[in-house]
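Here is how the chains run, residue by residue.
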Amino acid sequence: RREALQSQSQSRASAVSTHNQYRGGRTYTVVEGDTLFNIARYELGKASRWAEIYDLNRDMLGKDFNYLTPGTQLAMPEGEKSDVLAQPPGNMYRR
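Remember, it's a predicted structure, so these values are computed and weren't measured experimentally.

## A short note on the nonpolar core
Inference 1: Ranked by size, the top nonpolar core spans 13 residues in total, and within it Leu36, Ile39, Ile53, Leu61, Leu68, Leu74 and Met76 carry the most contacts.
Inference 2: Among the secondary structure elements, those contributing two or more residues to this core are helix 2 (36-44) and helix 3 (50-61).
Inference 3: Once residues within four sequence positions are removed from consideration, leucine 68 is found in contact with Val30, Asp34, Thr35, Leu36, Ile39 and Leu61.

Here it is as structure tokens:
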């Protein structure tokens, strides 16, 4: 089990270094509760573009992309950000 965890850790480390070498393009830093769907929706203007984010970060995310680790930097697709009317949900309760 320990060897499997070490192998997985090394695999993620190499994916991170590959990701960092990818390019100096736009990135997004994951925060608690983020999903690829919502990142695409609020950063790219269309939730359906989540697959583009996944494709760029496949080596780092692996097959389990349902949980994104806060602090992870994701490479974002090139191109202009769409005109986004929606904003991420904030705290609905004001003090």
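## As for the pattern of salt bridges
Inference 1: Tallied over the full model, the rule gives three salt bridges.
Inference 2: Here arginine 26 makes a salt bridge to glutamate 43, at a shortest N to O gap of 3.2 Å. Note that arginine 26 is positioned in the loop between helix 1 (2-22) and strand 1 (27-29) and glutamate 43 in helix 2, a separation of 17 residues in sequence.
Inference 3: Of the residues examined, glutamate 43 reaches a relative accessible area of 22% and is grouped as partly exposed.
Inference 4: Put simply, arginine 49 and glutamate 52 hold a salt bridge, and the shortest N to O gap is 2.8 Å.
Inference 5: Take arginine 49: its relative accessible area is 17%, and that puts it in the buried class.
Inference 6: With a relative accessible area of 33%, glutamate 52 lands in the partly exposed category.

Cut-off values and rules
- Position labels on residues start from 1 in each chain and follow its written sequence.
- For a predicted model such as this one, the threshold for reporting local features is a pLDDT of at least 70, and the threshold for listing and counting side-chain atom pairs is 80 or more; totals across whole chains, interfaces and linings nevertheless cover every residue.
- Just so you know, side-chain values use all the structure's heavy atoms and leave hydrogens and water out.
- Buried residues of nine kinds, namely Ala, Val, Leu, Ile, Met, Phe, Trp, Tyr and Cys, make up a nonpolar core once their side-chain atoms join them within 4.5 Å.
- Here the term buried applies to any residue with accessible area under 20% of the maximum for its type, exposed to any over 50%, and partly exposed to those in between, with areas from a 1.4 Å probe on protein chains only.
- The helix and strand labels rest on DSSP assignments: H or I over at least four residues marks a helix, E over at least two residues marks a strand, and numbering proceeds from the N terminus.
- The contact rule is simple, with two residues in contact once any of their heavy atoms fall within 4.5 Å.
- Salt bridges are identified by distance alone: a Lys or Arg side-chain nitrogen within 4 Å of an Asp or Glu carboxyl oxygen.

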